[in-house]
Amino acid sequence: MSAEAADREAATSSRPCTPPQTSWFEFLLEEALLEAHLQKPCPDPPPVQLIVQFLEQASKPSVNEQNQVQPPPDNKRNRILKLLALKVAAHLKWDLDVLEKSLSVPVLNMLLNELLCISKVPPGTKHVDVDLSSLPPTTAMAILLYNRWAIRTIVQSSFPVKQVKPGPPQLSVMNQIQQEKELTENILKVLKEQAADSILVLEAALKLNKDLYVHTIRTLDLLAIEPGMVNGETESSTAGLKISTEEMQCQVCYDLGAVYFQQGSTNASVYENAKEKFFRTKELISKIGSSSLHCTIDEKRLAGYCQACGVLTSSSNSTSQQSTPYSQIHCCMRCGNYQELVKIFLEDNRTLSLPVQFRQSVLRELFQKAQQGNDALDEICFRICTCNTVCDVMQGRAIGIQFNQLFLKPNKEKIDFLLEVCSRSINLEHASESLKRKMAAFLKNMCLSLEDLQLVFMISSHELFITLLKDDERKLLIDQMRKRSPRINLCTKPVTSFYDIPASASVNIGQLEHQLILSVDPWRIRQILIELHGMTSERQFWTISSKWEVPNVYGSVILGIKDNLTRDLVYILMAKGLHCSAIKDFVHAKQLFAACLELVTEFSPKLRQVMLNEMLLLDIYTHEAGAGVSGERPPSDLISRVRGYLEMRVPDIPLRQVVAEECVAFMLNWRENEYLTMQVPLLLVQTNPYVKEPLVLTTILSLFVKLHNVREDIVNDIAAEHISIWPSTIPNLQSVDFEAVAVTVKELVSYALTINSNNHFWLIIQADIYFATNQYSAALHYYLQAGAVCSDFFNKMVSPDVYTDQVIKRMIKCCSLLNCHTQVAILCQFLREVDYKTAFKALQEQNSHDAMDSYYDYIWDVTILEYLTYLHHKRGETDKRQIAIKAIGQTELNASNPEEVLQLAAQRRKKKFLQAMAKLYF
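For every chain, the first residue of the written sequence is number 1, and numbering continues from 1 along that sequence. Confidence filtering applies because this is a predicted model: local features only for residues at pLDDT of at least 70, side-chain atom pairs given and counted only at 80 or more, and all residues used for totals across whole chains, interfaces and linings. The basis for every side-chain value is the complete set of non-hydrogen atoms in the structure, without hydrogens or water.

**What about the overall build of the protein?**
- If you tally the helices and strands in the protein, you get 44 helices and four strands.
- Working definition: with a 1.4 Å probe on protein chains only, accessible area under 20% of the residue-type maximum means buried, over 50% means exposed, and in between means partly exposed. Across the 922 residues in the protein, those meeting the buried criterion constitute 45%.
- Within the protein, counting contacts between residues at least 6 apart in sequence, those at least 24 apart form 67% of the total.
- For the protein, the exposed surface amounts to about 48,200 Å²; the carbon and sulfur share of it is 52%. For the purposes of this entry, the term helix denotes a DSSP run of H or I that reaches at least four residues, the term strand denotes a run of E that reaches at least two, and both are numbered from the N terminus. In what follows, a contact means two residues having at least one pair of non-hydrogen atoms within 4.5 Å. Residue-level accessible areas treat just the shown protein chains as cover; the underlying method is Shrake-Rupley with a 1.4 Å probe.

This is the structure we're talking about:
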């Protein structure tokens, strides 16, 4: 029919729903524009969105003369719209990956049903009853496309759905979303009922030995021109876009493998079918090539499927599959051979072949089995957790809360196994210095965390500990242990003055020089030099060892000392002190520097200040390598000395660059950023490059966070220090690459956590990033970890500076979006003012994914408990009402109690609740 004829038909039609004559011109013009649009190299906007527009227009209901809503009429207008939608899909070559990403389930269902209709598949026909080999190729392909989509949709519906970022509440939008959700659920219900038939149809397709064809824009035009044509060019063996037999079978095998794999969770024998289909897919890909235009398979996902099937299916013929750690672990878990499981994890601590996520998933499964009443698994959980923890230590990751929890009650057996894991995980001959330092720091922290000195001795006397830590480092650690232990009396001997030790000459010069090189005792060094200078006055003894190096900025001052003995002594004491500091022998370094300071104080104010600066640097190193590793803040006098150095302006004092850099880094590491940005004198900022630099070390992150937060589509801001120094608006937003900004923020925070993985400030920022990107489970993980690291796993109160109201509110929102409504109500108590409205609304939800009434023991607010009793009474839930009444009846919650008792009751419940949350999300 020509366009003119169509216009005449539309104009003469008496149906009230027929559009006016001008609308036909618009439709024909739109069709012409569509043809031009699809011929562009890069259509913009994406053509797939046109499908939605065309089908929405075609499916609009009509209204008759009595104002009654009628189904969409089957008139030419709607047929043209449906044809246009099919043409767009044909332009996209019917690529289900593209269509599924952009179209909702109802829209794609409508599109494929239109394809079946135009391909001459009678409505109501059961596809399983049709002989595909007897059908025209385009008709058979239409049936395959529909059934492939059906099982792909079923598989996709089994995956967790990412929460959509909530926008401003609009009733019309919410109603539309709800209608689409209900329609999707109805379609899924039908697809699942027909799943067995769809699988049979696809299995039958694998037996076809002929190429198939799919409709193109040209074949669709031919059908529109001659709708009655059945055996003409449109359905001949050469019409449409050719899909080879191998390409068709490859797509069908992959989709069948995916649905069989999904069914395997309830029927393990089906994994064999999935394995067969996935390995057949790999064979076909190797045959047709991965660059096929009509067969797009995610080969990384396919490889993952193949590996999973190899693990989940037992094959006596495939020794290579059985030899993989995944297969061995799966067999151990299935057979309950947990001792062998521990051996596999121990061996993998050397090779590090298992991904950390897989290790954690195995541990979670073991914890779940243990919580179901299998007490014998408690020891296995500890052993696997220990293997994972040592693996984390070697790879620079933070130690998990689970390990700290399992080590709350250490004993000899646990220490023995820990030392065994550490010893078998590191090859000392080939290990890098960085790896050795990580292991040494871990063992030192373990010693500092233990109260029983016998257990400390087990670690400190172990061969690995002795190898990794030098004698003086071990002595320093034992001293720290003694100082913190009230059971040991420390007697301090008076220090003998440096000048009060007599000297005696008795041995030859060569022996004395040898002793001088080896000694690190300042008093012995002085004695040797006195003896040497008594034997000869012609030698410069500071030159006898090439390893004695003093920075040039100091050397010129020291070598200017006129007295030869004093010059040698100052030079050697400083050189040995610097060497000891470099090898982290801080005890001897401090003794040498103290002796040098006492010496130069008598005659050189300049060198006295030099030694004070070097002793300051030494104290910084000592703290960072000792108490600082475990997160202990430096003493206030050390911070004051660092500030004093940064503000020092004594003329003609030789300064080493590293001292200034380490002072600034020290202030940054311990969050003295306010001092560096606000309190430092302006003159110092302008003249000292090492203070100007950290202003960029402290502000760069706040700049990127500010850029991240000014995006119009950002609902949840990320918090950062000093963010207020940046303007509240940015004039040229279009010039900002926000994707690059987001990546930079994530990389900066990730890098910061590698430097200090227990810094609660960085952990909060990491949690904010996950919260802003709708990854609520991960956000809760990091919010809880931030609280745990600064409260000894919640055994102490979390500081309000860490768990601010904003953080608590974000934790509440995370729990709400995860449908953990009882957790929401409990967290509402943590706010400075209890949010009863949110708590009551959460408790009204009946579809909660948390433990519900088992959490009632964590509620201390009587008002919330009273509301629970009312709610359960109203619902007729007698058992739950009794649990709430029992919780109210606890004497420590009596309102007549002193405030201290009520506060203690709240703190106890906070601690237990947060520890329970940590077990859930770690």
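**Observations regarding the packing of aromatic side chains**
- Only the six-membered ring of Trp is used, alongside the rings of Phe and Tyr, when aromatic pairs are assigned; centres must lie within 6.5 Å, and planes under 30 degrees apart are stacked while those over 60 apart are edge-to-face, with the rest tilted. Summed over the entire model, instances satisfying the criterion amount to 22 aromatic pairs.
- Members of the aromatic cluster, connected to one another through ring pairs, are Tyr254, Phe261, Tyr271, Phe278 and Tyr305.
- A cation sits over an aromatic face here: Arg383 above Phe417, 4.3 Å from the ring centre.
- The positively charged end of Lys414 is found above the aromatic ring belonging to Phe382, 5.2 Å away from the centroid. Only when the NZ of Lys or the CZ of Arg is both within 6 Å of the ring centre and within 35 degrees of the ring normal is a charge said to sit over the ring.

**Quick word on the environment of Ala786**
- Assignment of secondary structure puts Ala786 in helix H38 (residues 776–789).
- Residue Ala786 is classed as buried on the basis of its relative accessible area of 0%.
- Taking C-alpha positions, Ala786 is 5.4 Å from Leu763, a pair spaced 23 residues apart along the chain.
- For Ala786, the contacting residues outside a window of four places in its chain are His760, Leu763, Ile764 and Val802.

**Some thoughts on the pattern of salt bridges**
- The salt bridge criterion pairs a side-chain nitrogen of Lys or Arg with a carboxyl oxygen of Asp or Glu, the two atoms within 4 Å. The full count for this structure, using the stated rule, is 27 salt bridges.
- With its nearest N and O atoms 2.8 Å apart, the salt bridge here joins Glu100 to Arg152. Note that Glu100 is positioned in helix H5 (residues 96–102) and Arg152 in helix H7 (residues 137–157), a separation of 52 residues in sequence.
- Given a relative accessible area of 15%, Arg152 falls into the buried group.

**Comments concerning helix H18 (residues 377–394)**
- The terminal C-alpha atoms of H18, which comprises 18 residues, lie 26 Å apart, in line with the 26 Å expected from a rise of 1.5 Å per residue.
- Here H18 lies mainly inside the structure; 15 of its 18 residues are buried.
- Taken from the residues just after H18, Gly396 is the one with a positive phi, measuring 75 degrees. Helix span is expected to be 1.5 Å times the residue number reduced by one.

**Observations regarding the packing of helix H37 (residues 760–772) against helix H39 (residues 805–817)**
- Orientation is described by lines fitted to C-alpha atoms, with helices fitted over the stretch in contact, and by angles between N-to-C directions that extend from 0 to 180 degrees. Viewed as axis vectors pointing N to C, H37 and H39 meet at an angle of 40 degrees, and their least axial separation amounts to 11 Å. By the criterion of interaxial angle, the relationship of H37 to H39 is oblique. Judged by the sense of rotation from one axis to the other, the crossing of H37 with H39 is left-handed. Within the contact between the two elements, H37 uses Ile764, Asp768 and Phe771 and H39 uses Val807, Arg810, Lys813 and Cys814.
- For this classification, the nonpolar set comprises Ala, Val, Leu, Ile, Met, Phe, Trp, Tyr, Cys and Pro, the charged set comprises Asp, Glu, Lys and Arg, and every other residue, Gly included, is treated as polar. Taken together, the residues of the contact of H37 with H39 break down into four nonpolar, no polar and three charged. Orientation is classified from the angle alone, with under 35 degrees giving roughly parallel, over 145 giving roughly antiparallel, 65 to 115 giving roughly perpendicular, and any other angle giving oblique. Two helices cross in a left-handed way if the nearer one is turned anticlockwise from the farther one by less than a right angle. They cross in a right-handed way if the turn is clockwise.

**Notes on the packing of helix H20 (residues 412–425) against helix H21 (residues 433–449)**
- H21 packs onto H20 with a crossing angle of 170 degrees between their chain directions and a minimal axis gap of 12 Å. One way to sum up the angle between H20 and H21 is to call them roughly antiparallel. Residues Leu418, Leu419 and Cys422 of H20 pack against Met439, Phe442, Leu443 and Met446 of H21.
- In the contact of H20 with H21, the residues fall into seven nonpolar, no polar and no charged.

**Details of the nonpolar core**
- In this structure, Ile51, Trp94, Leu103, Leu111, Leu132, Leu144 and Trp149 are the most contacted members of the largest nonpolar core, which totals 76 residues.
- Not counting the four nearest positions on each side in its chain, Trp94 is found in contact with Leu86, Ala89, Leu99, Leu111, Leu115, Leu145, Val214 and His215.
- Within the second largest apolar cluster, 61 residues are counted, among which are Leu780, Val802, Trp860 and Phe922. Note on terminology: a nonpolar core comprises buried Ala, Val, Leu, Ile, Met, Phe, Trp, Tyr and Cys residues joined through side-chain atoms within 4.5 Å.

**Here we look at the environment of Arg875**
- Mapping Arg875 onto the fold places it in helix H42 (residues 862–875).
- Arg875 has contacts with Leu843, Gln844, Glu845 and Gln846, leaving out every residue within four places of it along the chain.
- Within the structure, the side chain of Arg875 is placed 3.3 Å from the backbone oxygen of Leu843, a separation counted as a polar contact. N or O atoms closer than or at 3.5 Å make up a polar contact, with two conditions inside protein: a donor-capable atom paired with an acceptor-capable one, and, for residues adjacent in sequence, both atoms drawn from side chains.

**Topic: the environment of Glu379**
- Within the secondary structure, Glu379 is located in helix H18.
- In the structure, Glu379 is positioned 35 residues away from Lys414 in sequence and 9.2 Å away in space, judged by C-alpha atoms.

**Some points on unusual backbone geometry**
- Phi angles above zero are rare outside glycine, and Trp94 is one such case at about 55 degrees.
- Tracing the chain through its elements places Trp94 in the loop between helix H4 (76–91) and H5.
- Positive phi values are uncommon outside glycine, yet Lys584 reaches one of about 65 degrees.
- You can see Lys584 is positioned in the loop between helix H28 (564–582) and helix H29 (586–600).

**Some words on the side chain of His872**
- Along the chain, the position of His872 falls in helix H42.
- Relative accessible area serves as the criterion here: at 2%, His872 is assigned to the buried category.
- Once residues lying within four places of it in the same chain are set aside, the contact partners of His872 are Tyr856, Glu877, Lys880 and Arg881.

**Some details on the confidence of the model for the protein**
- Looking at the protein as a whole, its pLDDT mean stands at 78, while 79% of the residues score no less than 70.
- Within the model, the stretch residues 41–45 combines pLDDT values under 50 with four contacts to residues more than four positions away or in other chains. Per-residue confidence from the predictor is given as pLDDT, running between 0 and 100.

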